[in-house]
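Chains, contacts and geometry: an overview
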Amino acid sequence: MNYPFMKKYFLHNGTESSGPFDFEELKVRKISKTTPVWFEGMEHWKNAEEIPELTSVFVAIPPPLQSFSTVPPKPKAEKKKKKQEILGLSKNTFFVVLGLLALAAGTIVFNTLQDERSRELKLKNHKTEVENYQYELQQKEIEEQKIIVAAAEKAAAERAVQEQKKAISDRLLEIPDLLAVARDNLEAAESKLNDSRSFKILRTASERNEQMSLLQNEIDGYKSEIDQLEKELEELKLESEKIK
């Protein structure tokens, strides 16, 4: 008794042979009735349908229908076409659309980043302009303050000069009067001293000497006063010439 699972079969596809295959491997090969088969002990190749133990391995192939023999297999093509479609679009169209969308999205993101950078730059420039304007205002205010201070100092200096001029002028007018008084007093004291030297009645020698000493001191005082007034007068005249 021959056991099909013990045999080794060879197949032929019209060009070359392949094998050996056991019975289980033939099932996997999916041979048809007309597939040429040979195994050890056979003289010639036979169609698989001529070998009884292989009837269970055949793959059934339905005969073609005459009404559809000239019609191309549209369902298969449509199925293939459907496989090539994504979201109702062909693969090429889908990827083109996807690329365009990606490009548009990238453009939007790039433009958004550019706008954001532009806004940041504008804000920085505006801030710089504000700071520069504030700095200019501060500098202008400082310059104005300097001008005001300088004007005030100038006015104060002019007032001081005018006051000094007035004081010198008043003193120049006052000194001659003081000199006249001092000279009159000096002349009167000298006259008293002369009288005191010649007047001897009702006085002791010590009283006479004491009176003469007092008169001499008075005379010296008037002379010193006259010298100081004359010196001051000369100095004031020189100072008055300088500040004109």
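Rules used in this analysis
- Position numbers for residues count from 1 along each chain, tracking the sequence in the order it is written.
- Reporting in this predicted model follows two pLDDT cut-offs: at least 70 for local features of residues, and 80 or more for side-chain atom pairs to be given and counted; totals over whole chains, interfaces and linings ignore these cut-offs and use all residues.
- Think of the side-chain values as coming from all heavy atoms in the structure, minus any hydrogens and water.
- A pairing counts as a salt bridge when a side-chain nitrogen of Lys or Arg comes within 4 Å of a carboxyl oxygen of Asp or Glu.
- Strands here mean DSSP runs of E at least two residues long; helices mean DSSP runs of H or I at least four residues long; both are numbered from the N terminus.
- Classification of residues uses two cut-offs on accessible area relative to the type maximum, computed with a 1.4 Å probe and protein chains only: under 20% is buried, over 50% is exposed, and between them is partly exposed.
- Here a Phe, Tyr or Trp ring, Trp counted by its six-membered ring, pairs with any other such ring whose centre lies within 6.5 Å, and the pair is stacked when the planes are under 30 degrees apart, edge-to-face when over 60, and tilted otherwise.
- Should any heavy atoms of two residues lie within 4.5 Å, those residues are considered in contact.
- Looking at any residue, its pLDDT shows the predictor's confidence there, from 0 to 100.
- By the convention used here, strands pair only if DSSP detects at least 2 bridges between them.

For the structure on display, the rule yields six salt bridges. One salt bridge in this structure joins Arg171 and Glu174, with 3.2 Å as the shortest N-O distance. With Arg171 and Glu174 both in helix H3 (residues 91–198) and three residues apart, this pair spans about one turn of that helix. The class of Glu174 is partly exposed, set by a relative accessible area of 39%. Put simply, Glu232 and Arg171 hold a salt bridge, and the shortest N to O gap is 2.7 Å. One end of the pair, Glu232, is in helix H4 (residues 205–242); the other, Arg171, is in helix H3, with 61 residues separating them in the sequence.

Overall, the coordinates contain three aromatic pairs when judged by the stated rule. Aromatic side chains Phe94 and Phe95 sit 5.5 Å apart centroid to centroid with 70° between the ring planes, which places their arrangement in the edge-to-face category. Residue classification places Phe94 among the buried positions, given a relative accessible area of 18%.

Once that is clear, we can look at the environment of Ala48. Tracing the sequence through the fold places Ala48 in the loop between strand S4 (46–47) and helix H2 (74–84). In this structure Ala48 touches Ile31, Ser32, Lys33, Thr35, Val37, Leu54 and Phe58, once residues within four positions along its chain are discounted.

Confidence in the prediction of the protein chain, expressed as mean pLDDT, is 82, and 85% of residues score 70 or more. Across residues 67–71, where pLDDT falls below 50, the model places zero contacts with residues more than four positions away in sequence or in other chains. Of the regions scoring below 50 in pLDDT, residues 77–81 engages in zero contacts with residues more than four places distant in sequence or in other chains.

Here we take up the sheet that holds S4. Working definition: the strands of a sheet are paired by backbone hydrogen bonds and lie parallel or antiparallel to each other. Taken together, the four strands give an open sheet; going across it, the order is S2-S1-S3-S4, and neighbouring strands pair in antiparallel fashion. Since the sheet does not close on itself, it has two edges, and those belong to strand S2 (17–21) and S4, each with one partner. Across three bridges, the pairing between strand S1 (residues 9–12) and S2 is antiparallel. Counterpart to Leu11 in the pairing with S2 is Ser18.

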